[in-house]
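Take a look at the letters that make up each chain.
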Amino acid sequence: MTVWEDLVGQDRVHAALSAAARDADALVTADASGTPPPEASKMTHAWLFTGPPGSGRSTAARAFAAALQCVSPDRALGGEPGCGFCDGCHTSLIGTHADVEVIRTDLLSIGVKETRELVRRAQLSPAVGRWQVIVLEDADRLTEGAGNVLLKAVEEPAPRTVWLLCAPSLEDVLPTIRSRCRHLTLRTPPVEAVADVLIRRDGIEPEAAHAAARATQGHIGRARRLATDERARARRAAVLKLPLRVDDMGGCLKAAQELIDSATEDAKQVAEDVDAKETEDMKAALGASAGGRMPRGTAGVMKELADRQKRRSTRTQRDSLDLALTELTGFYRDVLALQFGSRIALANGDIQDALDRVARASTPERTLRRIEAIAACREALDRNVAPLLAVEAMAVSLRAG
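Residues numbered from 1 in each chain as written. Predicted model: local features only at pLDDT ≥ 70, side-chain atom pairs only at ≥ 80, totals over all residues. Heavy atoms only, no water.

What follows deals with the overall build of the chain. In terms of helices and strands, the chain carries 15 helices and 5 strands. Taken over C-alpha atoms, the radius of gyration comes to 24 Å for the chain, in line with the 21 Å a tight globule of 401 residues would show. If you take every contact in the chain between residues at least 6 apart in sequence, the share linking residues at least 24 apart comes to 72%. When the accessible surface of the chain is totalled, it reaches about 20100 Å², and 53% of it is carbon and sulfur. Placing the 54 positive and 56 negative side-chain charges of the chain at their respective mean positions leaves the two points 3 Å apart. (Helix = DSSP H or I, 4+ residues; strand = E, 2+ residues; numbered from the N terminus. Rg over C-alpha atoms; globule rule 2.2 N^0.38 Å. Contact = heavy atoms within 4.5 Å. Areas by Shrake-Rupley, 256 points an atom, 1.4 Å probe, with all protein chains shown as cover. Lys, Arg positive; Asp, Glu negative; His and termini not counted. Charge placed at Lys NZ, Arg CZ, Asp CG, Glu CD.)

Summarising the sheet, strand β2 (residues 100-103) and strand β3 (residues 132-136) pair through 4 bridges and their orientation is parallel. Bridge pairing in β3 places Glu101 opposite Ile134. (Pairing = 2+ DSSP bridges.)

Let's shift gears to the pattern of salt bridges. In total, this model carries 19 salt bridges according to the counting rule given. Close ionic contact of Arg378 with Asp322 constitutes a salt bridge, the shortest N to O distance being 2.7 Å. Of this pair, Arg378 sits in helix α14 (residues 364-382) while Asp322 sits in helix α12 (residues 299-339); the two residues are 56 residues apart in sequence, bridging distant segments of the chain. Overlapping salt bridges, with partners in common, bring together Glu5, Asp196 and Arg200 in one network. (Salt bridge = Lys/Arg side-chain N within 4 Å of Asp/Glu carboxyl O.)

Topologically, Leu7 is positioned in the segment before α1 (11-33). Along the primary structure Leu7 and Gln123 are separated by 116 residues, whereas in three dimensions their C-alpha atoms are 30 Å apart. Filtering out sequence-adjacent residues up to four positions away, Leu7 remains in contact with Val13, His14, Gly56, Thr59, Ala60 and Leu186.

In an α-helix, one turn spans 3.6 residues; hence positions three or four apart end up facing the same way. Where helix α10 (residues 230-239) is concerned, the buried positions are Ala232, Arg235, Arg236 and Val239. Across the axial projection of α10, the buried residues extend over an arc of 100°, all falling on one side. Its side-chain oxygen at 2.9 Å from the backbone nitrogen of Arg231, Asp229 defines the N-terminal cap of α10. (Buried < 20%, exposed > 50% of the residue type's maximum accessible area, 1.4 Å probe, protein only. Arc of directions from axis to C-beta. Polar contact = N/O pair within 3.5 Å; in protein donor to acceptor, adjacent residues only side chain to side chain.)

This brings us to the packing of helix α9 (residues 220-228) against α10. At their nearest, the axes of α9 and α10 sit 5 Å apart, and the two run at 105° to each other. Between α9 and α10, the interaxial angle falls into the category roughly perpendicular. Between α9 and α10, the residues in contact are Arg225, Leu226, Ala227 and Thr228 and Glu230, Arg231, Ala232, Arg233 and Arg236, respectively. (Axes fitted to C-alpha atoms, helices over the stretch in contact; angles between N-to-C directions. Parallel < 35°, antiparallel > 145°, perpendicular 65-115°, else oblique.)

Another aspect to go through is α9. Buried within α9 we find Ile220, Arg222, Ala223, Leu226 and Ala227. Each buried residue of α9 sits inside an arc of 165° when the element is viewed along its axis, so together they form one side. Of the surrounding secondary structure, the elements contacted by the buried residues of α9 are α7 (191-202), α8 (206-215), α10 and α12.

Turning our attention to the sheet that holds β3. Consider a sheet: its strands pair through backbone hydrogen bonds, and that pairing is either parallel or antiparallel. The strand order across the open sheet built from 5 strands is β2-β3-β4-β1-β5, with neighbouring strands paired in parallel fashion. One side of each edge strand has no neighbouring strand; the edge strands of this open sheet are β2 and β5 (182-185). For this sheet, the mean angle separating the axes of adjacent strands, direction not counted, is 15°. Helix-sheet contacts for helix α2 (residues 57-68) involve β1 (46-50), β2, β3 and β4 (161-167), and the interaxial angle to β4 is about 165°. Against the sheet, helix α4 (residues 112-122) touches β2, β3 and β4, its axis set at about 160° to β3.

Attention now goes to the packing of aromatic side chains. Within the structure shown, the criterion is met by 2 aromatic pairs. Ring centres 5.1 Å apart and planes at 70° place the aromatic pair Trp47 and Phe64 in the edge-to-face group. Placement of Trp47 in strand β1 and of Phe64 in helix α2 is noted, with a sequence separation of 17 residues between them. The class of Trp47 is buried, set by a relative accessible area of 2%. Phe64 gets classed as buried once you look at its relative accessible area, which sits at 0%. With 5.3 Å between their ring centres and 80° between their planes, Phe331 and Tyr332 make a pair best called edge-to-face. Across this residue pair, the class does not change: Phe331 and Tyr332 are buried. One cation-aromatic arrangement involves Arg160 over Trp131; the distance from NZ or CZ to the ring centre is 5.7 Å. Cation over ring: Arg182 sits above Trp47, and NZ or CZ is 5.3 Å from the ring centre. (Phe/Tyr/Trp six-rings, centres within 6.5 Å; stacked < 30°, edge-to-face > 60°. Lys NZ or Arg CZ within 6 Å of the ring centre and 35° of its normal.)

With 96% of its residues at a pLDDT of 70 or more, the chain shows a mean pLDDT of 87. Element-level pLDDT for the chain is lowest in helix α11 (residues 249-286), with a mean of 82, against a maximum mean of 95 in β1. (pLDDT = per-residue confidence, 0-100.)

This is the structure in C-alpha cells:
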C-alpha cells in the first residue's frame, strides 16, 4: 500500500505531489553528483495545502513528506516515490522519522515561542533522510507575530528544508507567506469514495459506511468516527432534534443550554483522559516527592501547564460546538432541498420525517435565514462571544425563521 492510498478523491493533487517527489529525487541526485539540476522542476521549498474540513489536507502533506523520504530501491528503476513499505515511508507516516516534524495544536493558536523553535529546527541539515520536512497542520492558527517569524524562514529556506503548511483557505494565511508557497487546493471527497475507504480500510458494513459518508458529506474523519463510535451517533441524533424543539422561548433556551452542556462534557472527557497523565508526568519530571510536594521554583512550570490545559479545554469545547453547528447546517440544507424539490441526495435521509415536517411548516426564505443564523453564531464564537449567549441567540433566530 503506497503512502497515497489515504488521499481519497484527490487524483490531481496526487499527480502534482508525485511529480514533485520525482523532481526532488532528481535534485538530490544532481547535488550528490555535481551535475546541473533539472530545469523547470516541480519541486519547491514551501507548499500550502488548502481545502474544506475533511478534504485531507494534513493527510496529503504527510504523504508528501513520506514520499520525499522514500528509500525504496524501486525508485532507481522508475518506481513512484512513496512506496509505503520502506523505512523512510513507514517512520514518516507514524511520526518517528528524525527529519520529519509534524506540528498540530490542540490550543486556539500557535504563538511566537513555538514558531521560533520550528524555525530553528528548519535551519538544520537532514540527519538521516534526504530532506528536512516541517509539516504545520494548523497554519491558520498562527498569530500575527508567529506568522512574521515564519515568514523569514520561508523567504530564505535552508537548501534541504521543505515547509508543508495546511489551512482551510488561502485567506487564512498571511499574504506574505502564501505568496512564497506553491498552492494545492483539495476538494471535498465524493461520498462514494469515502464509503469505499470505510469498507476497505476499516471493515465497516457497506450500509453503515454509506450512511456515515452521506451524513458527514464526505468528511473522512467524521465519517469514520460516526461509523465506529456509538456515542458520536447519539450526540448527532440529539443535535438534529434541536430544530423540532424551538417552538417556544423556553424550548430555545433549554436546547441552547443542552448544546453547551454537551460541548462542555466533551471537553471534560478529553481533560480526564489527558490532563491527569500530563500533570503526573510533569510532577515526576520535576522531581516531586512521594507525598506530592513540589520542589521550590517549579510553581511557574505547573501554572504554565494548567494554563495550557485550560486553553485546550476551550478549544475542545469550540470544536464540539462547531461540529454541532455543521450538523445543523446540513439539516437545513436538506430542508431547503426538499422545499425546492431538488433531486440531490439528502445528507440526513435517516430522519426524513423530521425534514419533511420542518419543510412543510416553513418557506425557503425562512430556511435561508436559519442557515444565516447558524453562520452568525459561528462568527460570534470566533469573536470570543460567550458560547451560551451565541447559541441562545441562534436558537431564538431558528424559532423566528
